[in-house]
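# Coordinate analysis (summary)
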Amino acid sequence: MTRIGYARTSTTDQNLSAQIAALKAAGCEVIREEQKSGASLEGRPQLNTILDFIHPGETLVVTRIDRLARSLRDLQAIVDRLKAKGAHLFATEQPVDTSTAAGKAFFDMLGVFAEFETNLRRERQAEGIAAARKRGVYNGRPPKIDRAEIISRLKQGHGPTRIARDLGISRGTVYQVRKGKPG
């Protein structure tokens, strides 16, 4: 049975070497690597290539299921794609092996906890931002649009489509500025 490894970190600052070593030790003949966010299945060509080309009886191997997805919905979508192809999922650091009943049950529980951890992280981040705002040290990211430039161009008689194209913004943004809505 062929084992296909998938190693992922969220940023290029992080190192994939430990995951790759574990996947090789687990008998993976092919290992695909990505340094992309796991928040979505979008924009992850290596994972999607595996899911598109995996064959019946083959196994997708990861070190932990959070390397695959950060939400239970995405995780279940991946497993559904594997199941539809007759393939399995195996995690080296967790008792996840979707070819067994116990492994499937544990997989479902881990998915719930992975999503819970993500939600906790978001809550902590929101709390941190709120505390920083209260101290006056967090103002958010700088605005991407120059409202004065949009207003100036509108006064010059330029249309919303031209302004949007010239400034690299949406026409909706131009319309909102024209109506006086905050952006």
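These numbers were taken from a predicted model, which means no experiment stands behind them.

Here is what the cut-offs are and how they apply
- Residues numbered from 1 in each chain as written.
- Predicted model: local features only at pLDDT ≥ 70, side-chain atom pairs only at ≥ 80, totals over all residues.
- Heavy atoms only, no water.
- Helix = DSSP H or I, 4+ residues; strand = E, 2+ residues; numbered from the N terminus.
- Rg over C-alpha atoms; globule rule 2.2 N^0.38 Å.
- Buried < 20%, exposed > 50% of the residue type's maximum accessible area, 1.4 Å probe, protein only.
- Contact = heavy atoms within 4.5 Å.
- Areas by Shrake-Rupley, 256 points an atom, 1.4 Å probe, with all protein chains shown as cover.
- Lys, Arg positive; Asp, Glu negative; His and termini not counted.
- Charge placed at Lys NZ, Arg CZ, Asp CG, Glu CD.
- Phe/Tyr/Trp six-rings, centres within 6.5 Å; stacked < 30°, edge-to-face > 60°.
- Lys NZ or Arg CZ within 6 Å of the ring centre and 35° of its normal.
- 1 Å grid on protein atoms, 1.4 Å probe; cavity = no way out; pocket = protein on both sides within 12 Å on 5 of 7 lines; lining within 4 Å.
- Points joined across faces, edges and corners; volume = space filled by probe spheres on them.
- Salt bridge = Lys/Arg side-chain N within 4 Å of Asp/Glu carboxyl O.
- Pairing = 2+ DSSP bridges.
- Axes fitted to C-alpha atoms, helices over the stretch in contact; angles between N-to-C directions.

## Let's talk about the overall build of the protein chain
What the protein chain contains, in helices and strands, is seven helices and five strands. Taken from the N to the C terminus, the helices and strands of the protein chain come in the order β-α-β-α-β-α-β-β-α-α-α-α. Against the 2.2 N^0.38 benchmark of 16 Å for 183 residues, the protein chain shows a C-alpha radius of gyration of 23 Å, more extended than a compact globule. Principal axes of the C-alpha set define a box for the protein chain whose edges measure 70 × 40 × 30 Å. Counting only residues that meet the buried cut, the protein chain has 35% of its 183 residues in that class. Within the protein chain, counting contacts between residues at least 6 apart in sequence, those at least 24 apart form 60% of the total. In the form shown here, the protein chain has an accessible surface area of approximately 11,200 Å², with 52% of it arising from carbon and sulfur atoms. Mean positive and mean negative side-chain charge positions of the protein chain (31 and 20 charges, respectively) differ by 10 Å.

## Some words on the packing of aromatic side chains
Summed over the entire model, instances satisfying the criterion amount to zero aromatic pairs. One Lys or Arg, R3, reaches over the ring of F90 and ends 4.5 Å from the middle of that ring.

## A word on the layout of surface pockets
Empty space left among the atoms is revealed by rolling a probe the size of a water molecule over them. Size it by volume and the largest pocket reaches roughly 180 Å³. Taken together, Q76, V79, D80, K83, A87, H88, T98, K104, F107 and D108 make up the full set of residues lining the largest pocket. At the level of secondary structure, the elements contributing two or more residues to the lining of the largest pocket comprise α3 (72-84) and α4 (101-135). Element by element, the count of residues in the lining of the largest pocket is highest for α3, at four residues.

## Observations regarding the environment of V79
Of note, V79 is situated in helix α3. The spatial distance from the C-alpha of V79 to the C-alpha of L51 is 9.5 Å, given a sequence separation of 28 residues.

## Observations concerning the pattern of salt bridges
If you walk through the whole model with that rule in mind, you get eight salt bridges. A salt bridge links D52 to R81, with the shortest nitrogen-to-oxygen separation between them at 2.7 Å. Taken as a pair, D52 in helix α2 (residues 45-53) and R81 in helix α3 lie far apart in primary sequence, 29 residues in all. Residue classification places D52 among the partly exposed residues on the basis of a relative accessible area of 41%. Residue class for R81 comes out partly exposed when judged on its relative accessible area of 30%. Across the salt bridge formed by D66 and R67, the nearest N and O atoms sit 3.2 Å from each other.

## Remarks on the sheet that holds strand β4 (residues 88-91)
Overall, mixed pairing links the five strands, which are arranged β2-β1-β3-β4-β5 in an open sheet. Strands with a single pairing partner mark the edges of an open sheet, and in this sheet they are β2 (30-35) and β5 (96-97). Of the strand pairs in this sheet, strand β3 (residues 59-62) and β4 are connected by four bridges, and their pairing is parallel. Residue pairing for β4: L60 is matched across the bridge by L89. Of the strands in this sheet, β1 (3-9), β2 and β3 are in contact with α2, which crosses β2 at around 145°.

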